[in-house]
Amino acid sequence: MRFSRPLYSVLRRSATWRAIIAATLSAAALTACSATSPPGTIQGALTGIGNSSQQSLVAAWAKGWKSENPASSIAYSPDGMDAGKKALFEGQAYFAAGPEPLTMDEASNPQTQCGPQGAISIPTGIVPVGIAYNLESVRTLRLDAESLKKIFDGEIQKWNDASIKAQNPGVTLPPIDIVPILEDGPSDSTFAINSYFAREAVGSANGDPSSEWPEGTPGLSKSRVIDRADKLDDTPGGISVLERGIIGARFSTADLKFGDVYHPFSGDSALASIKSGETVVNEGVGVEQKMDGASGYSLAVIEYQYFCRQYRNAAIAELVRSWGKSVLSISGQKAANLYVSALAPSEATVEASLGLIGTVRSAGE
Amino acid sequence: MRTHKAAPDRTVPPIVTFLRTFLFLSLVFSIWSVATPLMAFPDEPAHTIKAAAVVRGQILIDDGTSFGHGVHVRVPSYIANLHAQDCYKFRADKTADCAPAIPGDDIYETIGVTSAGSYNPMYYWIVGLPSLILTGSPALYGMRLVSALLSAAFYAAGFTALTRLRQPKFPMIFAGLAMTPMVLFLASGINPNSLEIAATMAAFAGFVVTLDNVHRLSQVVPAIVTVVASTIVLANTRQVSLVWLLCAFASGIALFQRHQIAAAFKSRLIVTGMLLAVPGVLLGLLWIYLMLHAPANAGVAPEGIANPQPDVPIYRAFLTMLEKSPEFIPQYIGVMGWLDTPVPMVVIVFWCLIFAVTLLLPLMVKPRRIALGYWVALALLIIVPALLQTSLWRSMGFIWQGRYNLPLVVVLFMSVGMIARLIHLPTDGVTKTAARVMMGALAACQILSFVYVLRRYVVGVFEVSSWPSMISKPEWQPPFGWVVLTILYSALMLAASYRVYGLLFPGSTLFSVRRFRALGTTRDRLTGAKDRATSLTQDAETLLPESTDSSPTGPRNHR
């Protein structure tokens, strides 16, 4: 190519230059046009951190929420309740999740990224926890809190122990070892059952229930929950603490004693306990769901989600409100039941929670 | 009117060869970039979010921002929200029109989550630049095009270097064969894997050219520069990229004799090049050190979620990887999208044939010692990924994909090409016919792969053929439309086949322009066809590098 030729002549003859110009113009055309958001669109990325037992629940809710709001996305990391709260208060998450409500100190702290009005917690679902066992010849089994605690402490080691026989007249209990299969590490199910012991077992230690079994507890395993379920299936005399979604129709479960009454592990019994349970509205903290052991089975993980009352951006506040409403909606709760076998909070709880979600605002609103 | 081009002049400046190759590859990669829906490349959202964060000054990981699912950064909302594009992910029956538009006015700063938080920022800083001046989908296309140009530059440098081998024909052919549909696809998205493959290819090419010309190094300074640049880039791409570089060097060294290697490392030019690379490598090592001491995760996901098989012993993880090695071959050839769109079986079969020939060819060359570089490359391809995956087993489970090995696959192919220099290629009619068929089949496979992947996004892939729907009822269209992109891509692939054939048989052409005259029934059709063919031939010839093999009969057999 000689530079003395007129430019037009050069371009006309040089395919290379034509290709360069065409490519440049195409790139410019490609990068020039940009869509704008239709008014009223709920869009954006929602980020949450919380307990592992809500990971499946969040996935179930996300399905419905995203179908209603296709221009949105959600990222949830099961790093634990404490990590979630810290992330929410430091502005590293827009919601958090855990198995208990916020305390007054946590909710009212004005020094966090949630602004001067602090944070709220609302119940989002209830996951019943059952005591599954593997005794081929025993179809019904009753256990009270003291016996169950002694089984997991290793004090009661045989199924035909006197204290178990006393609760199950007419049932032939085999003289075989009780083999606990328990989760090693922090777990919401463990927290739930330790809470049950704290309420119901005479002589339980004082203090907050722990989410972990004490060191030395027999039968601890770091396996996945489905592996522990398989192990229970393969272990005559085995006993384990499992959530409703894992138990399904696969295992026999013990009737547990709440107060003076034994209740079976069933959806209906748990629902009765929820319906009769109190809805507590703590001003400045949020809503709390109680379960009534007198009316039904009340060993469960009550899942909560935590939100700021105020976000720095209207779009984020709208995203959060939209999420909260979707989680508490009938379709959201149906999805939680379908995918995770979780039960909905009571109607009064849902109504109070929806009211609170509606108060979430941005700094400018 | 010319019917064929004469053997190219050896004195074509490397910069001209580089620019032409760069332009050609840029066009190929750009077409893939435009044809593929946004965020349809594997892990593209995470890398795009990282790029937008890095270019906004978020380079290191701050305390309290690292969680189980990734690092939290602050980016414009339209970028943080890129995971909303995942409606068609893992679902080949879903078209890309289910993904929402990416608005340009959704720019408030919000939390973005990236799993690439600990990656070296160099690649991301370059790729993230368009997001500073554009927003919405234009910004994302801009970032893709920058990434594609980066890959094109290194591939072009590699091919340019190869032209300076004493017998470049077969190394260039095999380097071209290594450019499977998967390699072309990956070069077009936002993912440092693309640069990793390109830079490893360039590093190996420059390295073997340097050793091949050890007694006239002043004539291959561009190749030395290519090695230095590739080394610096690989040291600053991913932590594993340095491993690929070492593997490339080991394979290259095994291809040459001790005295050649010794002479190379005594050369002032080589030593200068090494010294120039040192600061870049140290920078990369510094980054690795910083990430090993980065703030811990704010929380820890429980066992069983982090690794679904925590009880499996390490040695079984290693054996599992060895066992799975052949299963990666389809992924080397073409499993596009989020591993949900394999290329047609005929393409897989054809390229498996190429793999078989590539793996068996060195066994036919004597003396056997010549093939040492091939054996080293093959052993490294099988063993190194197995070791790397094993080291990650406890923390992450089995996460390995075939595309991670592609740098070593490219090195393997080029090693075979180097050995194949000893083979004499006959120039009789039968050989030329066979070569024409192969070149045509190669072009057809590349075009078929391209349009097949387009179909997946335009109408979806079902049990029943959906090809007619592409014409009658396309549900999604890429920018410029799938028809235009397919025509452009086809022209480029035919041009490449034309050029490769000319490389194999200097003085011959893949197809004769005269034959076009015999087609058609009217003078006007003939004239029009002739003009288009001539134009295509001329355009094709000017887009690609010229072969420096001036021998009309090919190299002599060195047995």
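Coordinates for the structure precede this section.
Because the structure is a prediction, the values reported are computed rather than measured.

**Brief notes about the overall build of chain B**
Then, in step 1: Along the backbone of chain B there are 23 helices and five strands.
Then, in step 2: Counting across all 559 residues of chain B, residues that qualify as buried make up 58%.
Then, in step 3: Restricting the contact set of chain B to residue pairs at least 6 apart, pairs at least 24 apart contribute 83%.
Then, in step 4: Roughly 22500 Å² of accessible area belongs to chain B as shown, and the carbon and sulfur atoms make up 66% of that amount.

**Digging into the overall build of chain A**
Then, in step 1: Looking only at helices and strands, one finds 14 helices and 16 strands in chain A.
Then, in step 2: Along the three orthogonal principal directions, the C-alpha set of chain A runs to about 110 × 50 × 35 Å.
Then, in step 3: Across the 365 residues in chain A, those meeting the buried criterion constitute 53%.
Then, in step 4: Within chain A, contacts between residues separated by at least 24 positions form 72% of all contacts whose residues are at least 6 apart in sequence.
Then, in step 5: Total accessible area on chain A is roughly 16300 Å²; 52% of this is exposed by carbon and sulfur atoms.
Then, in step 6: Averaging the locations of the 31 positively and 38 negatively charged side chains of chain A gives two centres separated by 16 Å.

**Describing helix 4 (residues 121–128) of chain B**
All names here are of chain B.
Then, in step 1: Pro-121, Tyr-123, Tyr-124, Val-127 and Gly-128 are the residues of helix 4 that are buried. Looking straight down helix 4, one finds its buried side chains confined to an arc of 155°; they lie on one side.
Then, in step 2: Near the N-terminus of helix 4, the side chain that reaches the backbone nitrogen of Met-122, with its oxygen 3.0 Å away, is that of Asn-120.

**Here's the deal with the packing of helix 1 (residues 14–35) of chain B against helix 19 (residues 429–458) of chain B**
All names here are of chain B.
Then, in step 1: For the pair helix 1 and helix 19, the least separation of the axes is 11 Å and the interaxial angle reads 15°. Taken together, the axes of helix 1 and helix 19 are roughly parallel relative to one another. Helix 1 and helix 19 meet at a crossing whose hand is left-handed. Together, Ile-31, Trp-32 and Ala-35 of helix 1 and Ser-449, Phe-450, Val-453 and Leu-454 of helix 19 make up the contact between the two elements.
Then, in step 2: Grouping the amino acids of the contact of helix 1 with helix 19 by side-chain chemistry returns six nonpolar, one polar and no charged.

**Some words on the nonpolar core**
Then, in step 1: Grouped together as the largest cluster of nonpolar side chains are 166 residues, with contacts concentrated most on Val28(B), Phe29(B), Trp32(B), Tyr155(B), Leu162(B) and Trp351(B).
Then, in step 2: If you tally residues by element for this core, the top one is helix 9 (residues 192–212) of chain B, at 13 residues.
Then, in step 3: Once you skip the residues sitting within four places of it in the chain, Leu162(B) turns out to touch Pro168(B), Pro171(B), Met172(B), Ala175(B), Met201(B), Ala205(B), Val208(B), Val209(B) and Met414(B).
Then, in step 4: Formed by 91 residues, the second largest nonpolar core is a distinct cluster that contains Ile164(A), Ala192(A), Val241(A) and Leu328(A).

**Considering the sheet that holds strand 11 (residues 261–263) of chain A**
For sheets, the rule is that strands pair by backbone hydrogen bonds, running either parallel or antiparallel.
All names here are of chain A.
Then, in step 1: Read from one edge of the open sheet, three strands run 5-10-11, paired in mixed fashion. Each having just a single partner strand, strand 5 (142–143) and strand 11 make up the two edges of the open sheet.
Then, in step 2: One ladder, built from two bridges, connects strand 5 with strand 10 (residues 255–258); its direction is parallel. Within strand 10, the residue paired with Leu-143 across the bridge is Leu-256.
Then, in step 3: Lying on the sheet, helix 8 (residues 188–200) is in contact with strand 5 and strand 10; it crosses strand 10 at an angle near 45°.

**Examining the packing of aromatic side chains**
Then, in step 1: Taken as a whole and assessed by the stated rule, the structure comprises 30 aromatic pairs over all chains.
Then, in step 2: For the pair Phe265(A) and Tyr297(A), a centre-to-centre distance of 5.2 Å together with 75° between the ring planes defines the contact as edge-to-face. Note that Phe265(A) is positioned in the loop between strand 11 and helix 11 (267–276) and Tyr297(A) in the loop between strand 13 (286–289) and strand 14 (300–308), a separation of 32 residues in sequence. Exposure class is identical for Phe265(A) and Tyr297(A). Each is buried.
Then, in step 3: Cation over ring: Lys89(B) sits above Trp338(B), and NZ or CZ is 4.1 Å from the ring centre.
Then, in step 4: When the ring centre of Trp467(B) is taken as origin, the NZ or CZ atom of Arg455(B), which lies over that ring, is 4.3 Å away.

**A look at helix 11 of chain A**
At 3.6 residues per turn, the α-helix brings residues three or four places apart onto the same side.
Residue and element names in this part refer to chain A.
Then, in step 1: Buried within helix 11 are the following residues: Gly-267, Ser-269, Ala-270, Ser-273 and Ile-274. The buried side chains of helix 11 occupy one side of the element, clustering within an arc of 165° when seen end-on. Away from the buried face of helix 11 by more than 90 degrees, exposed residues Asp-268 and Lys-275 are located.
Then, in step 2: Among the structural elements, strand 4 (119–133), helix 10 (244–247), strand 11 and strand 13 are those in contact with the buried residues of helix 11.

**Looking at the state of the cysteines**
Then, in step 1: Enumeration over the complete set of coordinates arrives at two disulfides over all chains.
Then, in step 2: At a sulfur-sulfur separation of 2.0 Å, the disulfide partner of Cys114(A) is Cys308(A). The disulfide joining Cys114(A) to Cys308(A) has a torsion of about -50° about its S-S bond and is therefore left-handed. Within this pair, whereas Cys114(A) is found in the loop between helix 5 (104–108) and strand 4, its partner Cys308(A) is found in strand 14, the two being separated by 194 residues in sequence. When sorted by exposure, Cys114(A) lands in the same class as Cys308(A), which is buried.
Then, in step 3: Shown here is the disulfide that connects Cys87(B) with Cys98(B), its sulfur atoms set 1.9 Å apart. Given an S-S torsion of about 90°, the disulfide between Cys87(B) and Cys98(B) has right-handed geometry. Taken as a pair, Cys87(B) in the loop between helix 3 (77–80) and strand 3 (109–114) and Cys98(B) in the loop between helix 3 and strand 3 lie far apart in primary sequence, 11 residues in all.

**Considerations on the sheet that holds strand 2 (residues 70–76) of chain B**
All names here are of chain B.
Then, in step 1: Across the sheet, which stays open at both edges, the three strands sit in the order 1-2-3 with antiparallel pairing between neighbours. Strand pairing shows two members of the sheet lacking a second neighbour, strand 1 (66–67) and strand 3, which therefore form its edges.
Then, in step 2: Pairing geometry for strand 1 and strand 2, over two bridges, is antiparallel. Within strand 2, the residue paired with Phe-67 across the bridge is Gly-70.

**Notes on the pairing of strand 13 of chain A**
All names here are of chain A.
Then, in step 1: Relative to strand 13, strand 12 (residues 279–282) runs antiparallel, the two being bridged by four bridges. Residue pairing across strands places Val-281 opposite Val-287, the latter belonging to strand 13.
Then, in step 2: Connecting the antiparallel pair strand 12 and strand 13 is a turn made up of three residues, with Gly-284 showing a positive phi of about 85°.

**Some details on the pattern of salt bridges**
Then, in step 1: Inspection of every chain in the model, using the stated rule, returns 19 salt bridges over all chains.
Then, in step 2: The salt bridge partner of Asp43(B) is Arg403(B), with a shortest N-O separation of 3.1 Å. Taken together, the positions of Asp43(B) in the loop between helix 1 and helix 2 (44–54) and Arg403(B) in the loop between helix 17 (372–396) and helix 18 (406–419) put the pair 360 residues apart, joining distant regions of the chain.
Then, in step 3: Asp93(B) serves as the salt-bridge partner of Arg91(B), at 3.3 Å between the closest nitrogen and oxygen.
Then, in step 4: Relative accessible area serves as the criterion here: at 40%, Arg91(B) is assigned to the partly exposed category.
Then, in step 5: For Asp93(B), a relative accessible area of 32% gives the class partly exposed.
Then, in step 6: Taken together, the shared-partner salt bridges connect Asp230(A), Asp233(A) and Arg250(A) into one network.

Parameters and conventions
- Residues numbered from 1 in each chain as written.
- Chains lettered and ligands numbered in written order.
- Predicted model: local features only at pLDDT ≥ 70, side-chain atom pairs only at ≥ 80, totals over all residues.
- Heavy atoms only, no water.
- Helix = DSSP H or I, 4+ residues; strand = E, 2+ residues; numbered from the N terminus.
- Buried < 20%, exposed > 50% of the residue type's maximum accessible area, 1.4 Å probe, protein only.
- Contact = heavy atoms within 4.5 Å.
- Areas by Shrake-Rupley, 256 points an atom, 1.4 Å probe, with all protein chains shown as cover.
- Lys, Arg positive; Asp, Glu negative; His and termini not counted.
- Charge placed at Lys NZ, Arg CZ, Asp CG, Glu CD.
- Arc of directions from axis to C-beta.
- Polar contact = N/O pair within 3.5 Å; in protein donor to acceptor, adjacent residues only side chain to side chain.
- Axes fitted to C-alpha atoms, helices over the stretch in contact; angles between N-to-C directions.
- Parallel < 35°, antiparallel > 145°, perpendicular 65-115°, else oblique.
- Left-handed = near helix turned anticlockwise from the far one by under 90°.
- Nonpolar A, V, L, I, M, F, W, Y, C, P; charged D, E, K, R; others polar.
- Core = buried A, V, L, I, M, F, W, Y, C linked by side-chain atoms within 4.5 Å.
- Pairing = 2+ DSSP bridges.
- Phe/Tyr/Trp six-rings, centres within 6.5 Å; stacked < 30°, edge-to-face > 60°.
- Lys NZ or Arg CZ within 6 Å of the ring centre and 35° of its normal.
- Disulfide = S-S within 2.5 Å.
- Salt bridge = Lys/Arg side-chain N within 4 Å of Asp/Glu carboxyl O.

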